[in-house]
Every structure is written in structure tokens, then in C-alpha cells.
Amino acid sequence: RAARAAPAEPSAQRWGLSSTAEEDVIREVAEALRLVLMDHDEPAAVALLKRAVHQRRAEEYAVWLALFAAPAERESWYRKCTQWAPGYAWGWLVSGLDRAGRGDHAGAVGDYSEAARIDPGDSRIYLCRGTARSSLGEYAEAISDFDRVIAIAPSGIAHGNRAIARRESGDLPGALRDFDESLRL
């Protein structure tokens, strides 16, 4: 019998990092959070994360840095994150959330679509993309995304969002069924 290789740690598979590198990421992000929350020193946290990004070209740091960075700088850090690790779905998802938060729903849909291409099993991506598509008035596409969320991980939120998209597209019976289901869940 051939020996089986030990399964990779889930986070190592997700991030593509060794456990030692992952520990470095966690330690430095924790220190950045401490600087912000305890010392109220956001510039020091940003400086720490910028050094980490440039030393390791690690997309995880770029995503965290984007969360701390001034709004004008965020876009460039998300771009670095997605350029350095184009296969890192979470970077695309967070970039999409930032774009949607700034009202750029079309840009958010593009980022969410890239995340969905990389990780088609993550229901959060489809929930976010469906919400952005609803904001754009693309109700048929939004309903399709909410269908995908419900197929992967049924939730009251997904049914509620699909109900709104159905109502906006004129499907009142479908909207009522989804509203009922969202209350049940």
C-alpha cells in the first residue's frame, strides 16, 4: 500500500502559503490591528503592512492594508493584491465590496465575476454579485446569482434579495414565495 500524503491545511490551500508564512501573516496583521485599536496609531499600522507587502509581495497583506488605507489609496492596493495573486478569490471579493461601497456597482460586478471564476463554490461571491447587479437594475442576472447562492447555501438573506429582484422584475408570485421562504429560514 502506498502511503497517503497528509492533507494540506485548509488555510494553506486557501492562501497558498506554508504554515510558517501563514503564521507571519497572522502575527503582522494582529500587530497592525493592535496598533489601530489599542494605540490608535493608524499610520504605524499602515507602515507595518506596507513593509510586509513589499518584503513578501503577499496578497494577504495587500488586502489588509487596503482595509486600513485611505480611500484614495485602496484601489491601488487591491490592484496589487489581485496582480500578485490573480488566483486569490478573497482579494477580488474584498475589492468588489470596496467598489460597491463607493457606488461603483459595475466595477464590483467585474471583481465578483473574477472571484466566482476562481472559486465557484463560494456562495458569498454570488450573494455580493447579485446585490450589485440588483443595484444596476440587472434583475434577471441578479436572480440567477441568488439562485446559485440558494443552491450552494440556502439562507434567508439570499431568498430575501431574490424576492426583491423578482418584485422589481414584475414576478410578484415568485417574490411572495421568496419572502415567505426568507422568513421561514
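Data block above holds the structure.
Note that the structure is predicted; figures quoted are calculated from it, not measured.

Engineer: Quick question: what am I supposed to make of the environment of L185 here?
Structural biologist: Among the structural elements, L185 can be located in the segment after helix 11 (172–184). Taking C-alpha positions, L185 is 5.0 Å from G156, a pair spaced 29 residues apart along the chain. For L185, the contacting residues outside a window of four places in its chain are P154, S155, G156 and H159.

Engineer: Can you walk me through the pattern of salt bridges in this structure?
Structural biologist: For the coordinates displayed, the defined rule picks out 13 salt bridges. In this structure, R117 and E114 form a salt bridge, with 2.5 Å as the shortest nitrogen-oxygen distance. With R117 and E114 both in helix 7 (residues 105–118) and three residues apart, this pair spans about one turn of that helix. E114 sits in the partly exposed class, given a relative accessible area of 21%. Between D178 and R162 there is a salt bridge; the shortest N-O distance is 2.7 Å. In this pair, D178 sits in helix 11 while R162 sits in helix 10 (residues 156–168), placing the two residues 16 residues apart along the sequence. Just as D178 is buried, R162 falls in that class too.

Engineer: Looking at this structure, how should I read helix 8 (residues 123–135)?
Structural biologist: In an α-helix there are 3.6 residues to a turn, and that puts residues three or four apart on one side. Between its terminal C-alpha atoms helix 8 stretches 19 Å, which fits the 18 Å expected from 13 residues at 1.5 Å a residue. Restricting attention to buried positions, one finds in helix 8 the residues S123, I125, Y126, C128, R129, G130, A132, R133 and S134. Looking at the buried positions of helix 8, the neighbouring elements they touch are helix 6 (89–101), helix 7, helix 9 (139–152) and helix 10.

Engineer: Honestly, the packing of helix 6 against helix 7 in this entry has me stumped. Any pointers?
Structural biologist: For any two helices packed against each other, the geometry is given by the interaxial angle and the distance between the axes. Between helix 6 and helix 7, the shortest axis-to-axis distance is 8 Å and the interhelical angle comes to 165 degrees. Put simply, helix 6 runs roughly antiparallel to helix 7. Between helix 6 and helix 7 lies a crossing of left-handed hand. Counted together, A89, W92, L93, S95, G96, L97, R99 and A100 of helix 6 and H105, G107, A108, D111, Y112, E114, A115 and I118 of helix 7 form the full contact between these two elements. Of the residues contributing to the contact of helix 6 with helix 7, the split by class is nine nonpolar, four polar and three charged.

The rules behind the values
- Residues numbered from 1 in each chain as written.
- Predicted model: local features only at pLDDT ≥ 70, side-chain atom pairs only at ≥ 80, totals over all residues.
- Heavy atoms only, no water.
- Helix = DSSP H or I, 4+ residues; strand = E, 2+ residues; numbered from the N terminus.
- Contact = heavy atoms within 4.5 Å.
- Salt bridge = Lys/Arg side-chain N within 4 Å of Asp/Glu carboxyl O.
- Buried < 20%, exposed > 50% of the residue type's maximum accessible area, 1.4 Å probe, protein only.
- Expected span 1.5 Å × (residues − 1).
- Axes fitted to C-alpha atoms, helices over the stretch in contact; angles between N-to-C directions.
- Parallel < 35°, antiparallel > 145°, perpendicular 65-115°, else oblique.
- Left-handed = near helix turned anticlockwise from the far one by under 90°.
- Nonpolar A, V, L, I, M, F, W, Y, C, P; charged D, E, K, R; others polar.

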